[in-house]
Amino acid sequence: MSSWLGGLGSGLGQSLGQVGGSLASLTGQISNFTKDMLMEGTEEVEAELPHSRRKEIEAIHSVLRSENERLKKLCTDLEEKHEASELQIKQQSTSYRNQLQQKEVEISHLKARQIALQDQLLKLQSAAQCTQSAGGGPAAPASSAFGYRVSQHASGFHDDDMDFGDIISSQQEINRLSNQVSRLESEVGHWRHIAQELKQTRSQEIDDHQHEMSVLQNAHQQKLTEISRRHREELSDYEERIEELENLLQQDGSGIVITDHSKIHEMQKTVQDLQNEKVASIKKIEELEDKIKDINDKLSSAENDRDILRKEQKRLNVENRQITEECESLKLKCSKLQPDAVKQSDTVTEKEKILPQSPSVEEEVLKLQQALSDAENEIMRLSNLNQDNSLTEDNLKLKMHVETLEKQKSLLSQEKEELQVSLLKLNNEYEVIKSTVVRDTDLNSTLHDLRLTLEAKEQELNQSLTEKEILVAELEELDRQNQEATKHMILIKDQLSKQQSEGDSIISKLRQELTDENRRVHQLEDDNMNMTKELDVQKEKLVQSERVLNDLHLAKQKLEEKVEDLVDQLNKSQNSNLNMQKENFGLKEHIKQNEKELSRVRDELTRSLNRDSGSDFKDDLFKEKEAEVRNLKQKLSEIEQLNDHLNKVAFDLKMENEKLVLACKDVRHELEESIAGSNQISLERNTFVEALKMEKGQLEAELSRAEQRLVEEANKYEQMIEELSKARDLSTSALQLEQQRLMKLSQEKDFEIAELKKNLEQMDTHHKETKEILSSSLEEQKHLSQLISEKDVFIEKLKERSSVLQEELDKCTEALRKNEILKQTMEEKDRSLGSMKEENNHLKEELERLREQHSRAAPVVEPKPLDSVTELESEVLQLNIIKGNLEEEIKRHQKIIEDQNQSKMQLLQSLEEQKKEMAEFKSQHEQMNVTHTQLFLEKDEEIKNLQKTVEQIKTQLHEERQGVPTENSEIFHETKVQSLNIENGSEKHDLSKADTERLVKGIKERELEIKLLNEKNISLTKQIDQLSKDEVGKLTQIIQQKDLEIQALHARISSASYTQDVVYLQQQLQAYAKEREQVLAVLSEKTRENSHLKAEYHKMMDIVAAKEAALVKLQEDNQKLSTRSEGGGQDMFRETVQNLSRIIREKDIEIDALSQKCQTLLTVLQTSSTGSEVGGVNSNQFEELLQERDKLKQQVKKMEEWKQQVMTTVQNMQHESAQLQEELHQLQAQVLVDSDNNSKLQVDYTGLIQSYEQNETKLKTFGQELAQVQHSIGQLCSTKELLLGKLDSISPQLSSGSSSPSQPAESLGPVKPDRSRESSKQELEELRKSLQEKDATIKTLQENNHRLSDSIAATSELERKEHEQTDSEMKQLREKQEVLQKSLKEKDLLIKAKSDQLLSLNENFANKVNENELLRQAVTNLKERILILEMDICKLKEENERIVETTREKETEYQALQETNTKFSMMLREKEFECHSMKEKALAFEQLLKEKEQGKTGELNQLLNAVKSMQEKTVKFQQERDQVMLALKQKQMENSTLQNEVQHLRDKEIRLNQELERLRNHLLESEDSYTREALAAEDREAKLRKKVTVLEEKLVSSSNAMENASHQASLQVESLQEQLNVVSKQRDETTLQLSVSREQVKQYALSLSNLQMVLEHFQQEEKAMYSAELEKHKQLVAEWKKKAENLEGKLMSLQERFDEANAALDSASRLTEQLDLKEEKIEELKKQNELRQEMLDDVQKKLMNLVNSTEGKVDKVLMRNLFIGHFHTPKHQRHEVLRLMGSILGIKREEMEQLLHEGQGGVTKWMTGWLGGGSKSVPNTPLRPNQQSVLNNSFSELFVKFLETESHPSVPPPKLSVHDMKPLDSPGRRKAVTNVPESFKDTAESRSGRRTDVNPFLAPRSAAVPLINPAGLGPGGPGHLLLKPISDVLPTFTPLPVSPDNSAGVVLKDLLKQ
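Residues numbered from 1 in each chain as written. Predicted model: local features only at pLDDT ≥ 70, side-chain atom pairs only at ≥ 80, totals over all residues. Heavy atoms only, no water.

Caption draft 1: Molecular detail of the overall build of the chain. If you tally the helices and strands in the chain, you get 34 helices and zero strands. The buried share of the chain, taken over its 1954 residues, is 34%. Taking all contacts inside the chain whose residues are at least 6 apart in sequence as the whole, residues at least 24 apart take part in 91%. Split by element, the accessible area of the chain, about 121,000 Å² in all, is 55% carbon and sulfur. (Helix = DSSP H or I, 4+ residues; strand = E, 2+ residues; numbered from the N terminus. Buried < 20%, exposed > 50% of the residue type's maximum accessible area, 1.4 Å probe, protein only. Contact = heavy atoms within 4.5 Å. Areas by Shrake-Rupley, 256 points an atom, 1.4 Å probe, with all protein chains shown as cover.)

Laid out in structure tokens, this is it:
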């Protein structure tokens, strides 16, 4: 349908061009008349009108002139185009008819071909699965598509109701059909190509399969024949032997007979079993062969898949290359951009820290580089994916599977051969039994042996059966593996396709991303340029900030270096501390162990003392123990000294650490201050830059608008200038005036542009001010309200706003979609409208033609003069009326078209503007989102940091003091968070408020525009529906019919019984062809009629053109006369009267001359009657009269033509006057509409100004509030940093005081651990065993030690608790102090903020008062402007009225002219009647002359009198009729004037009413606006006063709170100092206790040292004992080792001898086995050779008999085929046919060549180049009934096929000697092939084809048994074996087709060689 509609559209466009051409004459006449009328009007009213008005009229006049000229040019162009198009249509119609016929014939052929192809495809699909995968897929859809198109084509001619008279409709159909034909041709080519490819692939695959089949069949049949032959031979042997055995048994006796019978039965059973096994094995072999075939098929399909995948891989590689090239190009671009970015980054290095937007370029460049790298990685990944060796691996696996199968098949064949060998062995054993029976009579022993051998053989058979089963199972497993492999291949293929699709999608995404990134790069470059410009401007401002930043950076770097050094030192000290702590822990553990030991020793001592108090020995022991205790005490004292030293070192390190921490904190604070300052600066800069960007965007938008306006104005000025240049010839003075006016206008426009620019600058300043006011007001509100709740509220509001904005955006997008849909519908409706209009125009043209035909068809009888004149006049009037109606209709259509075009343009413009605005909104929204997200992230990070710090502080507080409440700190934290949140909220609010307001306004405007557009669309659609209801109905009926036909065809095609429907479709096609012929006949008739009509139309056009030329001449004359006549309309009138009077005089003169001639003729007649001389004179006079009559006739014709021209001019003038009146009415209506629009625009303008001023005031207030908020935030930040600094300075002092007393308590650490701890433990254990008495003393000492340690621990715990209490108290005091300081600072800040707010409020109030005054002034100015505009409107109305009066005067003048014209026309008619009467007189005279010659004079006189009376009557009638016509025309003129006056009065009333309503509305609006402003001002004043009172109250309360806080702080400081003094006293006491404990530790160390000395003595004694015992054991071990080595040596020698003996035995056994096997094989081979030689002899004999019997015979069928083929072949290939015939008949090659050369004249010409034609490969495919390949194939190919079918099975096996026969796969086998002559090799090779490639494991067998007798191939042998009948012995084969590699040519060459 789309193509059909397209054709309709093109045809309609051409027909519109034709209509435009026909209208050219009318428009030309109208334009000329309008020119003349305007000229006359200007000249007449020059005196009356003022100077300014005259200028305006001249301008309008020039504009109208230019438009008329333009229209003229258009008309001429359209006429030319119309004529050219008509000629083209004629040529195209003829050519298209021919093409249609040709294409329909082609379509029928193609349809037949398609059906044939479909049949072939179906057969192929059923035959082979491979072809389905290769090419069967696209055939089915193609067939359906083709069928659909054919049906469409046929249905195009189905409707007889269509109007074939229409040229354009037929042309459209021709275009559509041509398009369809071209499509069908392309499709036919495509399907032919596909069919060829399918044929080739199918033929190749069939050849391959047939090769495989034939090879397998050959092998199988050979095996079957061999097995059957052997079976027969064995059976015969068995029968003979059984008979012999029976004879023997009968001879020997009855007892033996019974045993022989039983044995024979057993043997028969075994034979039957063997036969059954044979059958089973044959079946299994066949199954295996089938499986191998299936595997081969799968392999071929896998290879095809691999090829497809390779192609895909290549394509992907190509795409990868393209992508890499694109990436490289992008890299180059990036590399080009990078130096620029680096330069810019160098210039803006220090500004980047202030402005975070400047590094955005570098970041985005980096992003681009990353994206490129990602793209490259992805490309590499794709290439790796593509280059995966998965396919190759799968192929290798498949190949491996195939090889394994081949190996297994070979193993099976070997097993078969082994079975045959076993059968032979059985035969041998039977022979052995024979010999034994003959030789020996001991049958029992032989039978026993036979039984044993039978059992062994049965076992072997069972084994072979089991092996077979195993092999079958393995084969099944292999099949499964193969299926799995194929499934795996399919999966891999799917995965690869998916990967490819994913790769394609990734590539497309990458391309899109690359394009997007390119765009971004361009945008970034533009932004960079703009930023550089802005930065250059701001450089001077930023110099100071840069210097400050440089200083800060230097300080920061120094501090960072210090911090790094301090951190290093800290790390070192921490490491040393950790080491010390580890050592302390070790020492503590050691001390505890020592104390335990001491307690044990003491216990032992006490026990020993209680037991024996008086013994000397125990006294000595006690003394020794005391000495040990002293040593231990000394050691303890040493350890304590070391510990003290370590504690001092640790304390010093801690002090240094704390100092470093303090320094770090200071550095951090400084860094934070610098960062906060830089952040503030950056925020300010960001806001400033964003404001600048916003302003820049606005300025750019306004500039673009201004530029558009300028461009539009420039276009208007250019048009004006062109018009002026055209009108220069008429009036140079008017030109100068217009130039001056244009100059003034341009100056005014320049001034307006300047004013607009100023306004823009003012807007920018106002915008800044309003931003500041906003910031200040927002800050006040946020400080006053609750901070936590406001944060949540702001977040919710922002979410709501974003959601609202998103909803509005969604609405806008939906509205845009609807608009697009409406646009599409509009375009469709426009198309349909155009088509309807064109059809209407065509119908009208046909009506006109029919009328013309009717008018011409009427019989042209020469009427009487009066009747002819009246008829002509009536026809002229009718034609004029028709013409007027047509012109009016054309005008209406043109207006409708113009309105539609304008509405279309407006819609398009509005849509484009909406799109642009939507894009701007989207970009703004995205920018806003980005900025918001950045701000949120930054603030979230800050909040997280603060929360972390707060949590740390809280944990410290909870640890240090648990009882004190922490309200103050929490409040401070909350205030901090709230202040930060205020910053967040304020910034978000500032950014979002203005943007949201703008967005809301823009959306509302868009909604209004969308509504208007929807209304317009609805109205247009209604109009279109009204116009095109009937025509659309007709079209829909036609379309529905066609759709039904198409659906029916689709249903037939899609149905399952498609093959049955094909016949039915063919019948329908024939019926359609008949219908098409009928339709074509109708078409031809209609086209002939069209051509006739066209010819007539051309004639009419020629006549019209001639009349137009005459009209143009008349108009030029009129123009000349008008230019000459300066006296106005009276001169024109005079000249026309003079011209008409001249014409009348000329006519009078002509009439006089004619009357004189008539009189002379009468006199001549009278004289001739009286006179005697009749002959010569009468004849001469008669000839002269005839000549004069011809001249008069010519003159009369000229006069008639001139009269017609005058009539047409008069009618044209009338039409032009009517058109001018209509145009005047239209102009008046337009003026009214313009005035209404002006008044509406003024009202809108005043409203806009008011809303703008209100917005400005709001913006100012908001800006001030913003500034205040920012100022307060800055102050809060600075105070916060000061407080933090002071707190940090206070905290280290307190920490240093508290840490010093806590150190010594913790420093009671253990002593350094000894390395000899483990050894001492062991020694102690040994000592305990030997010395139990000493243990008792040690226990007592340890108990004492425990008591001492418990006392020390208790004292240390008490000290720790006291220290912790003091520390917690100190921390509480510190926190209180900090809280008080913070509260003090907060109060100061609040006081400052309040004072600043007061000042700002006062300033705002003053500003608002000033703004109110400005607004009042603006209102007064606007009122004045309105008054001026109203005055202008009044003036314009007066001028309009004057114009109307002038037009009326011109109308009256025109009426007078028309009356004069009518009078003159009456005069002309009278003269024409006189002319007619003269003509009639002349005719009468001629008749009289003739009658005179015959002698009739009286009758002539009577006739003359009758003629005169008739003429008088006609003159009277004419005069009466003219008078009546004049009276009618006058009455019509009067009626029209009255109607015009009535309309004018009505228009005036409407205008006055509209003005009244407008003024009332305006007054009401102005009053409402004033009242609103007054109320708003009062509300503002009340609010401000309330705010001031609230602030004052807050100030008083805050000052009171400050005083109370300061008093409390002083009290707390005093209490803290007292507590410090108490703590210092406690510290002194603890130091004294420490010194006492150290002395005790020294004593314990001395005692420990003594104990250690004693332990060492015991250890030395035990070591000596152990060493002695160890030496003894070592000696014993050495002796045992020597003995073991001797025994091992003996064992080794014995084992070596044993191994040698075993090896010798094994080798002997192997040799014997091999010898036995070789002997058995030799015997078997000899027997086989004998059997085969016998077989060969039999076969050779039979062959020789056959050759002798069939030597002299020739096949009749073959010779008939050759003879017929000779005539079917082309002439240049016939000698090859003769050569073949000769070779078959036995004629030698040399003799044939001599025969051919002798008859060169006849034979050689039809024998050349036959081999060239036959060399092409033709696959032996079964022909289909629809195929026409039989006719196309050459004779050579057919003959080759016949030979192939005849040749293969007729070859006998060769005779071979016994020595040449070898087992399969032996090297001798290959030598046997070499004995065969070359000719046989060639034929074998040609027959096998690719057999070796397909089944390589069958090659040796086929090679082993040659099929040609070498003896028969010699020179003495008989003819070729191909032509001999097949013997009964040999098996029959299926026909073997020739492969494409070894084609017919090779076989023919082999034939010809023999």
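Caption draft 2: Highlighting the packing of helix H24 (residues 1756–1768) against helix H25 (residues 1774–1785). Where H24 meets H25, the axes come as close as 9 Å, and the angle between the chain directions of the two elements is 165 degrees. Taken as axis vectors, H24 and H25 run roughly antiparallel relative to one another. Viewed along their axes, H24 and H25 form a crossing whose handedness is left-handed. Contacts between H24 and H25 involve Leu1758, Met1759, Leu1762, His1766 and Phe1767 on the former and, on the latter, Arg1774, Val1777, Leu1778, Met1781, Ile1784 and Leu1785. Residues of the contact of H24 with H25, tallied by class, amount to nine nonpolar, one polar and one charged. (Axes fitted to C-alpha atoms, helices over the stretch in contact; angles between N-to-C directions. Parallel < 35°, antiparallel > 145°, perpendicular 65-115°, else oblique. Left-handed = near helix turned anticlockwise from the far one by under 90°. Nonpolar A, V, L, I, M, F, W, Y, C, P; charged D, E, K, R; others polar.)

Caption draft 3: Structural context of the side chain of Glu779. Positionally, Glu779 belongs in helix H13 (residues 732–784). Glu779 has contacts with Glu1265, Gln1268, Val1269, Gln1270, His1271, Ser1272 and Ile1273, leaving out every residue within four places of it along the chain.

Caption draft 4: Structural view of the pattern of salt bridges. Taken as a whole, this structure holds 30 salt bridges when the rule is applied. Two residues, Glu289 and Lys223, come together in a salt bridge whose shortest N-O distance is 3.5 Å. Within this pair, whereas Glu289 is found in helix H7 (residues 254–347), its partner Lys223 is found in helix H6 (residues 167–252), the two being separated by 66 residues in sequence. One salt bridge connects Asp479 with Lys291, and the closest N-O pair in it is separated by 3.7 Å. In this pair, Asp479 is assigned in helix H11 (residues 443–611) and Lys291 in helix H7, connecting sequence segments 188 residues apart. For Lys291, a relative accessible area of 23% translates into the label partly exposed. (Salt bridge = Lys/Arg side-chain N within 4 Å of Asp/Glu carboxyl O.)

Caption draft 5: How the structure looks around a positive patch on the surface. There is a patch of like positive charges on the surface, built from Lys1001, Lys1258, Arg1580, Lys1583, Lys1586 and Lys1587. The biggest single contributor to the positive patch is helix H23 (residues 1498–1749), with four residues. Residue position: Lys1001 is located in helix H16 (residues 967–1027). On the accessibility criterion, Lys1001 (43% relative accessible area) is partly exposed. (Patch = residues over 30% accessible without salt bridge, like charges linked within 9 Å, V, L, I, M, F, W, Y side chains within 5 Å. Lys, Arg positive; Asp, Glu negative; His and termini not counted. Charge placed at Lys NZ, Arg CZ, Asp CG, Glu CD.)

Caption draft 6: Highlighting a negative patch on the surface. Among the surface-exposed residues, Glu286, Glu287, Asp290, Asp294, Glu474, Glu476 and Glu477 lie close enough to one another that they form a single negatively charged patch. Looking at the negative patch, the elements that each hand over two or more residues are H7 and H11. With four residues, H7 is the single largest residue contributor to the negative patch. With respect to the helices and strands, the residue Asp290 is situated in helix H7. Taking the relative accessible area as the measure of exposure, Asp290 reaches 41% and is therefore partly exposed.

Caption draft 7: Here's a closer look at a nonpolar patch on the surface. On the surface, Val1524, Met1525 and Leu1528 cluster together into a nonpolar patch covering about 250 Å² of accessible area. Looking at the secondary structure, you find Met1525 in helix H23. Residue classification places Met1525 among the partly exposed positions, given a relative accessible area of 34%.

Caption draft 8: Summary view of the packing of aromatic side chains. In this structure the tally under the stated criterion is one aromatic pair. Relative to Phe1767, the ring of Phe1763 lies with its centre 5.1 Å away and its plane at 80 degrees, an arrangement referred to as edge-to-face. One end of the pair is Phe1763 and the other is Phe1767, both in helix H24 and four residues apart, which spans about a single turn. Arg849 extends its terminal NZ or CZ atom over the ring of Tyr1097, reaching a point 5.3 Å from the ring centre. (Phe/Tyr/Trp six-rings, centres within 6.5 Å; stacked < 30°, edge-to-face > 60°. Lys NZ or Arg CZ within 6 Å of the ring centre and 35° of its normal.)

Caption draft 9: Highlighting the confidence of the model for the chain. Looking at the chain as a whole, its pLDDT mean stands at 77, while 77% of the residues score no less than 70. Ranking the elements of the chain by mean pLDDT puts helix H33 (residues 1899–1904) last with 40 and helix H3 (residues 51–127) first with 89. In the predicted structure, residues 1801–1832 sits below a pLDDT of 50 and forms 77 contacts with residues beyond four places in sequence or in another chain. (pLDDT = per-residue confidence, 0-100.)

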